[in-house]
Amino acid sequence: MNFLERKTKKGDKIVFYYDFGRGKGQRPSTGIFVYTKPKDQTEKNHNKQSLSLIELKKSQLIIESQAVGTGFIPPHKFKANFLDYYGEYVKTHKRKGNRHLQCSLIQFKQFMGKDYVAPIEINENLCKSFRRYLLDKYTGETPSDYYTRFKWVVAAATADGYYRQNPTEKVSAKSNPSSKLKDFLEVEEYLELLNTPCLNREVQEAFIFCCYTGLRWVDVSQLGWHQIKGSILTTRIIQAKTGLPVTLTLHPIARMILEKRKQVLETSLPENTDFSSQLVFKLSSADGANKLLIQWVSATTIKKHITWSCARLSFSILLQDKLVDDVTIAYLLGHATTVQVQKTYKRHRPKDQHGTIAQLPTPELLPYFLNI
């Protein structure tokens, strides 16, 4: 392993660079330098220590190169605390708008209940226990999402030589379907809410906006005016295939809500205020908004337990009732596939059983065996 030496423009220092090849980016700086003409003992000591450090780095790189394919992990690459390895993996692979990886680390730390976890502790039984911990704590797809990210980390550690065999290989991720079906709004209930006054205008308009856009609480609470361009809403959700954000064409009701709020905001803002930097809705906490929502629904004839997440579910179901295809609905909801539309965001029970059953054939004359 070679290192390159280059003098600075002033010529007072020599900087060392890695030499991985002649291609672009293959000669990064080590950050180590020596003085060309040390002026005092301090600079002489600095040069001595820097040269020793260069030799150490050279030795480490040679060992790393020789260890490839052997299963041996050089001590300087090995992290004695698995939580440090986990944290570094999260930092390197986290994606904007997706917190499953960060949350999986938080849950694993809470499960272990300590700050030091030796890699040898990660075995098949511990993986099963962690999966059960998640299934007992969460419902829906959350346990599967968090445990899948944990499997990613362990698989990476296996590839890095921490394990001869992946401890999670035989412990698959599992979801935990809720036994309680979530309520949603039908067409007539949409219309009733629109015509029922609410004590809090922010909650009323934000919830109705979610009903017509399918936005989650976290999205509408952070929705900024810079995301609105005419009748198009650019969401914070990034498509995995294209790397571009999901865009929604706004329903007339959603557009009217925005136009009304924009007029109010323009009259209340001081001059020279950046309009695009403002939030569309000024909402409190999710718990507070849900309490106000429940009070609002109680003032109607709707006998259902409606929470903020019901808006997104209602958005999906009513589009499916109009025979909109699953691919389109999945895109509008910001999902990469139609799996969630088919499993979660669907109608689990018929709206009108009587009308549905009446579609079966009925003869004009009753058959002989039914005559009394």
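In the block above lies the structure referred to throughout.
To keep things clear, this report deals only with the structure shown in the data block. Bear in mind that the values here come from a model prediction, so they are computed numbers and not experimental data.

1. Digging into the overall build of the protein
When helices and strands are tallied, the protein shows 14 helices and six strands. The C-alpha radius of gyration of the protein comes to 30 Å, more than 25% above the 21 Å expected for a compact globule of 372 residues. When the backbone C-alpha atoms are referred to their principal axes, the protein occupies close to 110 × 70 × 40 Å. The buried share of the protein, taken over its 372 residues, is 35%.

2. Observations concerning the packing of helix α4 (residues 124–137) against helix α5 (residues 142–159)
It is the contact of α4 with α5, at a shortest axis distance of 9 Å, that shows an interaxial angle of 155°. With respect to α5, the axis of α4 lies roughly antiparallel. At the point where α4 passes α5, the crossing takes the right-handed sense. Two secondary-structure elements touch here, α4 through C127, F130, R131, L134 and L135 and α5 through P143, Y146, Y147 and F150. Class assignment for the residues of the contact of α4 with α5 results in eight nonpolar, no polar and one charged.

3. Describing helix α11 (residues 309–321)
Three or four residues apart is the spacing at which side chains of an α-helix point the same way, because the helix has 3.6 residues per turn. In a regular helix each residue adds 1.5 Å, so 13 residues correspond to 18 Å; α11 covers 19 Å between its end C-alpha atoms and thus fits that length. Every buried residue of α11 is accounted for by C310, A311, R312, L313, S314, F315, S316, I317 and L318. Its buried side turned inward, α11 meets α6 (187–194), α7 (201–211), α12 (326–333) and α13 (339–343). Just downstream of α11 lies L323, where phi reads positive at about 65°.

4. Remarks on unusual backbone geometry
Even without being glycine, L323 reaches a positive phi, approximately 65°. Position of L323 relative to the elements: it lies in the loop between α11 and α12. Exposure remark for L323: the relative accessible area of 76% places this residue in the exposed category.

5. Brief notes about empty space enclosed by the protein
Inspection of the entire model under this criterion finds one cavity of 30 Å³ or more. Here the largest cavity defines a volume of roughly 40 Å³. Forming the boundary of the largest cavity are L215, D219, L223, Q227, L233, T234, T235 and R236. Looking at the lining of the largest cavity residue by residue, the class counts come to three nonpolar, three polar and two charged.

6. Structural notes on α7
The buried fraction of α7 amounts to ten of the eleven residues, a majority that puts the element mostly inside the structure. All of the buried residues in α7 are E202, V203, Q204, E205, A206, F207, I208, F209, C210 and C211. Near the N-terminus of α7, the side chain that reaches the backbone nitrogen of E202, with its oxygen 3.0 Å away, is that of N200.

7. A look at the pattern of salt bridges
Think of it this way: side chains of opposite charge can pair up when their charged atoms draw near. On inspection of all chains with the given rule, the structure shows 16 salt bridges. A salt bridge links R347 to E186; its shortest N-O distance comes to 2.8 Å. Of this pair, R347 sits in the loop between α13 and α14 (353–357) while E186 sits in the loop between α5 and α6, and the two are 161 residues apart along the sequence. The exposure class assigned to E186 is buried, which follows from its relative accessible area of 7%.

8. Brief notes about the packing of aromatic side chains
Each aromatic ring pair is characterised by the separation of its centres together with the angle its planes make. Inspection of every chain in the model, using the stated rule, returns 23 aromatic pairs. Ring geometry for F33 against Y35: centres 5.5 Å apart, planes inclined by 85°, an arrangement best described as edge-to-face. With relative accessibility at 22%, the residue Y35 sits in the partly exposed group. Cluster of aromatic residues (ring-pair linked, three or more members): F82, Y85, Y86, F108, F111, F130, Y133, Y147, F150 and Y162. Taking the ring centre of F33 as reference, the NZ or CZ of K13 above it sits at 4.7 Å.

9. Focus: the nonpolar core
Ranked by size, the top nonpolar core spans 48 residues in total, and within it F207, F209, F281 and W308 carry the most contacts. Elements with a minimum of two residues in this core: α6, α7, α8 (217–221), β6 (245–249), α9 (252–268), α10 (286–298), α11 and α12. Ranked by residues supplied to this core, first place goes to α7 with seven residues. With near-sequence residues (within four places) excluded, W308 lies in contact with V203, A206, F207, C210, W217, V220, A289, N290 and L293.

10. Digging into the state of the cysteines
Following the criterion strictly, the structure yields zero disulfides and no others. Lacking any disulfide linkage, C103 is separated from the closest cysteine sulfur, that of C127, by 19 Å. Looking at C198, it has no disulfide partner, and the nearest cysteine sulfur is the one in C211, 12 Å off. The class for C198 is buried, based on a relative accessible area of 17%.

Conventions used here
Residues numbered from 1 in each chain as written. Predicted model: local features only at pLDDT ≥ 70, side-chain atom pairs only at ≥ 80, totals over all residues. Heavy atoms only, no water. Helix = DSSP H or I, 4+ residues; strand = E, 2+ residues; numbered from the N terminus. Rg over C-alpha atoms; globule rule 2.2 N^0.38 Å. Buried < 20%, exposed > 50% of the residue type's maximum accessible area, 1.4 Å probe, protein only. Axes fitted to C-alpha atoms, helices over the stretch in contact; angles between N-to-C directions. Parallel < 35°, antiparallel > 145°, perpendicular 65-115°, else oblique. Left-handed = near helix turned anticlockwise from the far one by under 90°. Contact = heavy atoms within 4.5 Å. Nonpolar A, V, L, I, M, F, W, Y, C, P; charged D, E, K, R; others polar. Expected span 1.5 Å × (residues − 1). 1 Å grid on protein atoms, 1.4 Å probe; cavity = no way out; pocket = protein on both sides within 12 Å on 5 of 7 lines; lining within 4 Å. Points joined across faces, edges and corners; volume = space filled by probe spheres on them. Polar contact = N/O pair within 3.5 Å; in protein donor to acceptor, adjacent residues only side chain to side chain. Salt bridge = Lys/Arg side-chain N within 4 Å of Asp/Glu carboxyl O. Phe/Tyr/Trp six-rings, centres within 6.5 Å; stacked < 30°, edge-to-face > 60°. Lys NZ or Arg CZ within 6 Å of the ring centre and 35° of its normal. Core = buried A, V, L, I, M, F, W, Y, C linked by side-chain atoms within 4.5 Å. Disulfide = S-S within 2.5 Å.

By themselves these figures say nothing about function.
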